[in-house]
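# Reading the structure
Okay, here's what each chain looks like letter by letter:
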Amino acid sequence: MRLILTVLFLIGTVYGQTPTPCLAPSLWEAKVLEIDASKEFESRARLTYDAYNERIHSIEEVNLHDKKDYFQSLYLFKEGKEYQLNLKTKECKVSPLSRGFRPIAIPKNATFYGETIIGSLAAPGEGVTVQLWGGETEHGRYAGSWTVKGCIPVTDVYFSNRTGLVHTSFYDVVAGIHDPNVFIPPKECM
């Protein structure tokens, strides 16, 4: 009887150690690098993210086939609208969104791939521990990493037939939104 209880205890301990997805912040700002090598696309942006209201704002430098352009983009998913202002020409395009809101968070059904260190823990402040998660969505596959402390997004890799393989890295993430007015469409778009 003691052996059975010990085995059940060990099984419970092992399954109890399986991590569950952490809850990523819903309001934040960051620098973002997004790359799709197959399309010769690269974007460097300052991103403002609001998961509560399903909206994203960015000021971005876009390199497409070695041609550079600068945009202010606003995605209002609940309204189904996208505003894209070319910062050089001041021309604005308003169009319906062709995709739904995809939270920058770990889905509840994600698979835990492991935990690793970015940098080194050999000296204080030289590294950060991240968890790797991934899985499938309705339209594609994803994998990403989030910090263990704070559940801050570090990388997101997404593949679908529509988008191809898109790799996104997040830097200098700060909780909260400094200026909520960024979610008001630019006057040039009105």
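See the structure printed just above.
The paragraphs below set out a description of the structure included in this document. (Residues numbered from 1 in each chain as written. Predicted model: local features only at pLDDT ≥ 70, side-chain atom pairs only at ≥ 80, totals over all residues. Heavy atoms only, no water.)

### Re the side chain of Asn63
Selection criterion: For the purposes of this entry, the term helix denotes a DSSP run of H or I that reaches at least four residues, the term strand denotes a run of E that reaches at least two, and both are numbered from the N terminus. Here a residue-residue contact requires only that any non-hydrogen atoms of the pair lie within 4.5 Å.
For Asn63, the position within the fold is in strand E3 (residues 55-64). Dropping the residues within four chain positions of it, Asn63 is found in contact with Glu40, Phe41, Glu42 and Lys68.

### Let's talk about the layout of surface pockets
Remark: the empty space left among the atoms is shown by a probe the size of a water molecule rolled over them. We count it as follows: Method remark: on a 1 Å grid restricted to protein atoms, a set of points is classed as a cavity if a 1.4 Å probe fits but cannot get out and as a pocket if it is open with protein on both sides within 12 Å along at least five of seven lines; lining residues have an atom within 4 Å of a point. Grid points are joined across faces, edges and corners, and a volume is the space filled by probe spheres set on the points. Gly counts as polar in this scheme, as do all residues outside two lists: the nonpolar Ala, Val, Leu, Ile, Met, Phe, Trp, Tyr, Cys and Pro, and the charged Asp, Glu, Lys and Arg.
Of the volumes computed, that of the largest pocket is approximately 1800 Å³. Along the wall of the largest pocket there are 45 residues; nearest its centre are Glu34, Arg99, Arg162, Thr163 and Val166. Within the lining of the largest pocket, the residues separate by chemical class into 22 nonpolar, eleven polar and twelve charged. Its volume calculated, the second largest pocket comes out at about 180 Å³. Looking at the second largest pocket, it is lined by 13 residues, and the ones nearest its centre are Leu23, Ala24, Pro103, Ala105 and Ile106. For the lining of the second largest pocket, the residue count by class is eleven nonpolar, one polar and one charged.

### A closer look at the environment of Pro96
As for its position among the elements, Pro96 is in strand E6 (residues 92-96). Counting along the chain gives 40 residues from Pro96 to Ile56, while the straight-line C-alpha distance between them is 15 Å.

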